[in-house]
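Descriptive structure summary
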Amino acid sequence: MSGTADGTAHGTGRETVAVVVVTHDRADLLSGMLDGLAAQTRAPDTVIVVDNASTDHTPDVLGARTDLPLQVITQANLGGAGGFHRGVQAAYDGGHDRIWLMDDDVVPAPDCLERLVAVDEDCLIAVREDLSGALVEKAAVEFDLRNPLSIHPKRSTVDGVYRDRASMPALVEVQNVAFEGFMVRRDVVTDIGFPDPTFFIFYDDAEYAVRARRAGRRVWAVRDAVLVRQLDFNQQHDLSGWKGFYMYRNLFVVHLRHGENALVRLKPWLITLAVVLLSPARGGRAEARNVIRAMASARGMRRLPDPAQPPR
């Protein structure tokens, strides 16, 4: 691994960076996030905000910014997955060398982008902390698609392995990412394509990292690139509600597409059976219906859809 202080790649000169932000009805959080981008010691070359049909004062927030090179894309609410797909495509079409993906509820430390571009690697993540400064980086150190007995592929996380940021080495290899502070080089997109918009929410980021690693790229968490979450981490969701459908379905798609053996690819069917049999004691009929619908839908998503394929 080699890096340079000015973020040059392979001796070819200064790389351009496009930031992609996806937002929906969180104007005040978005405003703070954009303040963080405006304060960067290494300014982004463009900031692409994909507005998923916000109904609050998001247009006013965006219209008032004169301190950032903003490009605003307004579309129907296609979820985080649809937003990141559209934003990455716009950044790629704009010819940018690196693409930095960002949610609207995080704020980068002033030197976050400078720290990232100083690392000469194709796939990077900034490391998240909460408002108290506690490490809350949930990227997986191990994402296991080989062992059929692993109910969930995320086996260990950065904040599970390291007690705090100071105990981390400068770079930590990770096997999945969140689209909160993930940076990818242009040639990776050329090779593996775009985020899958059909996921809507959940696992689009994990699936993208699996594709990158399958293409021979390694993903590194950069300890000194600090990203501050403005909201508490809540990974508990109602599996009998509408989000539960997407959590089950997209987890199943990851296994069906990328499971490393037949038993792992069989696991979604076994999870579906187990949830249905246990439904009287846990999520009831609603969760059972969710998981059955999720399995049926996932079967039709085993192939990467055309919009997510590498650019032609």
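Residues numbered from 1 in each chain as written. Predicted model: local features only at pLDDT ≥ 70, side-chain atom pairs only at ≥ 80, totals over all residues. Heavy atoms only, no water.

Section: unusual backbone geometry
Backbone geometry places Ala 53, a non-glycine residue, at a positive phi of 55°. Structurally, Ala 53 can be placed in the loop between strand S2 (46-52) and helix H2 (58-63). The exposure class assigned to Ala 53 is partly exposed, which follows from its relative accessible area of 32%. Although it is not a glycine, Tyr 203 adopts a positive phi angle of roughly 70°. Tracing the sequence through the fold places Tyr 203 in the loop between helix H6 (186-192) and helix H7 (204-214). (Helix = DSSP H or I, 4+ residues; strand = E, 2+ residues; numbered from the N terminus. Buried < 20%, exposed > 50% of the residue type's maximum accessible area, 1.4 Å probe, protein only.)

Things to note about the nonpolar core
In this structure, Ile 48, Ile 99, Val 174, Phe 182 and Val 189 are the most contacted members of the largest nonpolar core, which totals 36 residues. Residue contributions to this core peak at 5 residues, all from helix H3 (residues 79-93). If we skip the residues at most four places from it in the chain, Val 189 touches Val 88, Tyr 92, Ile 99, Val 184, Phe 194, Tyr 208, Pro 310 and Pro 311. Core analysis: the next-biggest nonpolar cluster, separate from the first, contains 28 residues, Leu 34, Leu 37, Cys 112 and Met 183 among them. (Core = buried A, V, L, I, M, F, W, Y, C linked by side-chain atoms within 4.5 Å. Contact = heavy atoms within 4.5 Å.)

Remarks on the packing of aromatic side chains
Under the counting rule described, the total for this entry stands at 9 aromatic pairs. On the numbers, 5.1 Å between centres and 65° between planes, the contact of Phe 84 with Phe 179 is edge-to-face. Here Phe 179 lies in the loop between strand S9 (171-174) and strand S10 (182-185) and Phe 84 lies in helix H3, a separation of 95 residues in the sequence. For the ring pair Trp 242 and Tyr 246, a centre distance of 6.2 Å and an interplane angle of 80° mean the geometry is edge-to-face. Taken together, the positions of Trp 242 and Tyr 246, both in helix H8 (residues 242-258) and 4 residues apart, correspond to about one turn of that helix. We classify Trp 242 as exposed; its relative accessible area is 52%. Ring pairing ties together the aromatic residues Phe 84, Phe 179, Phe 182 and Tyr 208, which thus form one cluster. (Phe/Tyr/Trp six-rings, centres within 6.5 Å; stacked < 30°, edge-to-face > 60°.)

Notes on the side chain of Thr 58
With respect to the helices and strands, Thr 58 occurs in helix H2. Those residues in contact with Thr 58 that sit more than four places away from it in its chain are Thr 23, Asp 25, Arg 26, Ala 27, Leu 30 and Asp 51.

Topic: the environment of Asp 28
Secondary-structure assignment places Asp 28 in helix H1 (residues 27-38). Accessibility expressed as a relative area gives 60% for Asp 28, which makes it exposed. With 126 residues separating them in the primary sequence, Asp 28 and Lys 154 have C-alpha atoms 32 Å apart. One polar contact links Asp 28 to His 57, side chain to side chain, over a distance of 3.0 Å. (Polar contact = N/O pair within 3.5 Å; in protein donor to acceptor, adjacent residues only side chain to side chain.)

A closer look at the confidence of the model for the protein chain
Here the protein chain averages 94 in pLDDT, and 95% of its residues register 70 or above. Confidence drops under pLDDT 50 across residues 1-12; counting only partners more than four residues distant or on other chains, this segment forms 22 contacts. (pLDDT = per-residue confidence, 0-100.)

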